[in-house]
Amino acid sequence: MKTAAVFFADGFEEIEALTPVDYLRRADVKVVTVGVKGTLNGNSMIVTGAHKVPVIVDMTLDEFLKEIGDKLPDCIVCPGGMPGAKHLSENKELLAFIEKCFDGGKLTAAICASPALVFGKTKVLAGKKWTCYPGMEDEADGKYIGGYSNQVFVTDGNVVTSRGPGASEQFSMELVKILEGEDTAAAIKAASQQRV
């Protein structure tokens, strides 16, 4: 079974975080929601989205890194939203883990502000075509600007980036397609379009 980790921090864009979780789980990918910045509540962490939707994540980043050890997930996802993307970009452990996954050839994905703010602080965008929320591209390290494209989403090798909330479904379906194939993606799309 393929595995994925989606990283949450206070101020995340809800649709950009939960759509990949939903679609990947429909594709039978084992998805773990990981809290990078939130509020501890007993043994749980609650991360609150940009639109005040609270989410109880599966585990904290520290717990995740300890549990996963040297075994990398097949896919990692950084949602956007503000200040969620900024919070992700400020966590050095997360940035190091993102680079480790990228170097390991794992699917490395980000949407909205996160391609610029998060991946822009790592080597992930080097030599890659990428996109992000319009106007955020200048937030990436200047050496990466040459690869910026104004497309809805861009896949370049093992890096998938997307523009924003309105592209969440396309972004998520691209991840499903890469991880589980065209047939699985088509079946999920067909099932989501059936009338009740």
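Structure shown above.
To keep things clear, this report deals only with the structure shown in the data block. (Residues numbered from 1 in each chain as written. Predicted model: local features only at pLDDT ≥ 70, side-chain atom pairs only at ≥ 80, totals over all residues. Heavy atoms only, no water.)

When helices and strands are counted, the chain shows seven helices and 10 strands. In terms of overall dimensions, the chain is globule-like: its C-alpha atoms have a radius of gyration of 15 Å, near the 16 Å expected for 196 residues. Here the chain, with 196 residues, has 52% of them falling under the buried criterion. Carbon together with sulfur atoms contributes 50% to the accessible area of the chain, which is approximately 9,100 Å² in total. Across the chain, 21 positive and 26 negative side-chain charges occur, with their mean positions spaced 1 Å apart. (Helix = DSSP H or I, 4+ residues; strand = E, 2+ residues; numbered from the N terminus. Rg over C-alpha atoms; globule rule 2.2 N^0.38 Å. Buried < 20%, exposed > 50% of the residue type's maximum accessible area, 1.4 Å probe, protein only. Areas by Shrake-Rupley, 256 points an atom, 1.4 Å probe, with all protein chains shown as cover. Lys, Arg positive; Asp, Glu negative; His and termini not counted. Charge placed at Lys NZ, Arg CZ, Asp CG, Glu CD.)

Between helix α2 (residues 61-68) and helix α4 (residues 92-103), the shortest axis-to-axis distance is 11 Å and the interhelical angle comes to 35°. Where α2 crosses over α4, the two elements pack in a sense that is left-handed. Only Glu93, Leu94 and Phe97 of α4 make contact with α2, whose side of the interface consists of Leu61, Asp62, Phe64, Leu65 and Ile68. In terms of residue class, the contact of α2 with α4 is made up of six nonpolar, no polar and two charged. (Axes fitted to C-alpha atoms, helices over the stretch in contact; angles between N-to-C directions. Left-handed = near helix turned anticlockwise from the far one by under 90°. Contact = heavy atoms within 4.5 Å. Nonpolar A, V, L, I, M, F, W, Y, C, P; charged D, E, K, R; others polar.)

Along the chain, the position of serine 162 falls in strand β10 (residues 159-162). Residues in contact with serine 162, not counting those within four places in the same chain, are Ala110, Ile111, Cys112, Pro115, Thr131, Cys132, Tyr133, Val152, Phe153, Ala167 and Phe171.

Another aspect to go through is the packing of helix α6 (residues 168-180) against helix α7 (residues 182-192). Closest axis-to-axis distance for the α6/α7 pair is 7 Å, and the angle between their directions is 140°. Contact with α6, carried on its side by Glu169, Met173, Val176, Lys177 and Glu180, involves Glu182, Thr184, Ala185, Ile188, Lys189 and Ser192 of α7 and no other residues of that element. Classifying every residue of the contact of α6 with α7 gives four nonpolar, two polar and five charged.

Right, let's talk about the sheet that holds strand β9 (residues 153-156) for a bit. Sheet strands line up and pair through hydrogen bonds in the backbone, either parallel or antiparallel. Spatial strand order, β6-β2-β1-β7-β8-β10-β9: seven strands in an open sheet with mixed pairing. With one partner strand each, in any of the chains shown, β6 (59-60) and β9 form the two edges of the open sheet. As paired strands, strand β1 (residues 3-9) and strand β2 (residues 30-37) are joined by seven bridges and run parallel to one another. Opposite threonine 3, over in β2, you have lysine 30 as the bridge partner. Of the strands in this sheet, β7 (75-78), β8 (107-111), β9 and β10 touch α6, which is tilted by about 175° from β8. (Pairing = 2+ DSSP bridges.)

With that settled, consider a negative patch on the surface. A surface patch of like charges, here negative, comprises Asp62, Glu63, Glu67 and Glu93. Among the elements that make up the negative patch, the one with the highest residue count is α2 (three residues). Glutamate 93 sits in the partly exposed class, given a relative accessible area of 43%. (Patch = residues over 30% accessible without salt bridge, like charges linked within 9 Å, V, L, I, M, F, W, Y side chains within 5 Å. Salt bridge = Lys/Arg side-chain N within 4 Å of Asp/Glu carboxyl O.)

Turning our attention to the side chain of threonine 33. Relative to the elements of secondary structure, threonine 33 occurs in strand β2. Contacts of threonine 33, omitting those with residues within four sequence positions, involve Val6, Phe8, Val21, Arg25, Ile56, Val57, Asp58 and Met59.

A few words on the pattern of salt bridges. Under the counting rule described, the total for this entry stands at seven salt bridges. In this structure, arginine 25 and aspartate 58 form a salt bridge, with 3.4 Å as the shortest nitrogen-oxygen distance. Of the two residues, arginine 25 sits in helix α1 (residues 14-26) while aspartate 58 sits in the loop between β5 (54-56) and β6, which places them 33 residues apart along the sequence. Glutamate 90 is the salt-bridge partner of lysine 86, the closest N and O atoms lying 2.4 Å from each other.

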